[in-house]
Amino acid sequence: MRPPLRVRQAVNLANGSTLAGLGVAALGGAAVARGADGLFAGTGYRLPVPPAPAFCLGNVIVTRGDALDPGSPLFRHEARHATQFAWCGGVVMVPLYLAAAGVSWVLTGDFGARNVFERLAGLADGGYADKPLRPAIRRAAERLRVGRGVRGGRLSGLSGLSGLSGLSGPGRTAGARVRPGPGRASAARDGSTASPCR
């Protein structure tokens, strides 16, 4: 097993998430066996919650099916969740995940599509589809984007006039070419008054 996977295994054991996973698997009647990459596979889970066909707690991947192929996209997806448990400090990830699922539902009407944990684990590998934002949220985002574009457009319109003599600044001629040179910060450091434009 590669060193990062050993670290994940040790961290999830220490933070209690693997023990919680083994407990949930046992409560759901799943048969637990050692799997690939330091993970446990719990198959034949029978409780109605969570409703997903597979889920992960620490280094324990639990599925309702009879088997879980270690080479499958679903296994890889759930293995990424195991890494997330290590990064998030263990079972603390559960409320964080639920909050992310709630945000996803508000934005799209789907618990997985905009859930940061599911996206980082790979939506397609987990059987999720990317969903568009709800129409009202999409319209609000578009209004915000257009509002920024108008303000940005005014500024960029002025920057196009910077070549005119009235706007080109003291000591510069219209259309003068600016070459890279020492910045103002470096000039201030060495006490010189060299201009960045030569």
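Below, the structure is looked at part by part. (Residues numbered from 1 in each chain as written. Predicted model: local features only at pLDDT ≥ 70, side-chain atom pairs only at ≥ 80, totals over all residues. Heavy atoms only, no water.)

Remarks on the sheet that holds strand E1 (residues 31-34)
Strand order in the open sheet formed by four strands is E1-E2-E4-E3, and the pairing between neighbours is mixed. The open sheet has two free edges, formed respectively by E1 and strand E3 (54-57), since each of these has just one partner strand. In this sheet, adjacent strand axes meet at a mean angle of 20° when their direction is disregarded. As paired elements, strand E2 (residues 40-43) and strand E4 (residues 60-63) share three bridges and run parallel to each other. Each bridged residue has a counterpart across the sheet, and for Phe40 the counterpart in E4 is Val60. Relative to the sheet, helix H2 (residues 17-27) contacts E1, E2, E3 and E4, its axis offset from that of E3 by approximately 140°. (Pairing = 2+ DSSP bridges. Helix = DSSP H or I, 4+ residues; strand = E, 2+ residues; numbered from the N terminus. Axes fitted to C-alpha atoms, helices over the stretch in contact; angles between N-to-C directions. Contact = heavy atoms within 4.5 Å.)

Observations regarding the nonpolar core
Leu39, Cys56, Leu57, Ile61, Leu68, Phe75, Ala79, Ala82, Phe85, Met93, Ala100 and Phe117 form the largest nonpolar core, which has twelve residues in total. A total of four residues in this core trace back to one element, the largest contributor, which is helix H3 (residues 73-87). Beyond its immediate stretch of four places on either side in the chain, Ala100 contacts Asn115, Val116 and Phe117. Counting seven residues, the second largest nonpolar core, distinct from the first, contains Ala25, Ala30, Phe40 and Tyr45. (Core = buried A, V, L, I, M, F, W, Y, C linked by side-chain atoms within 4.5 Å. Buried < 20%, exposed > 50% of the residue type's maximum accessible area, 1.4 Å probe, protein only.)

Section: the environment of Ser17
For Ser17, the position within the fold is in helix H2. Residue classification places Ser17 among the buried positions, given a relative accessible area of 0%. Considered as a pair, Ser17 and Gly58 are 41 residues apart in the sequence and their alpha carbons are 4.3 Å apart. For Ser17, the contacting residues outside a window of four places in its chain are Asn12, Leu57, Gly58, Phe85, Gly90 and Val91.

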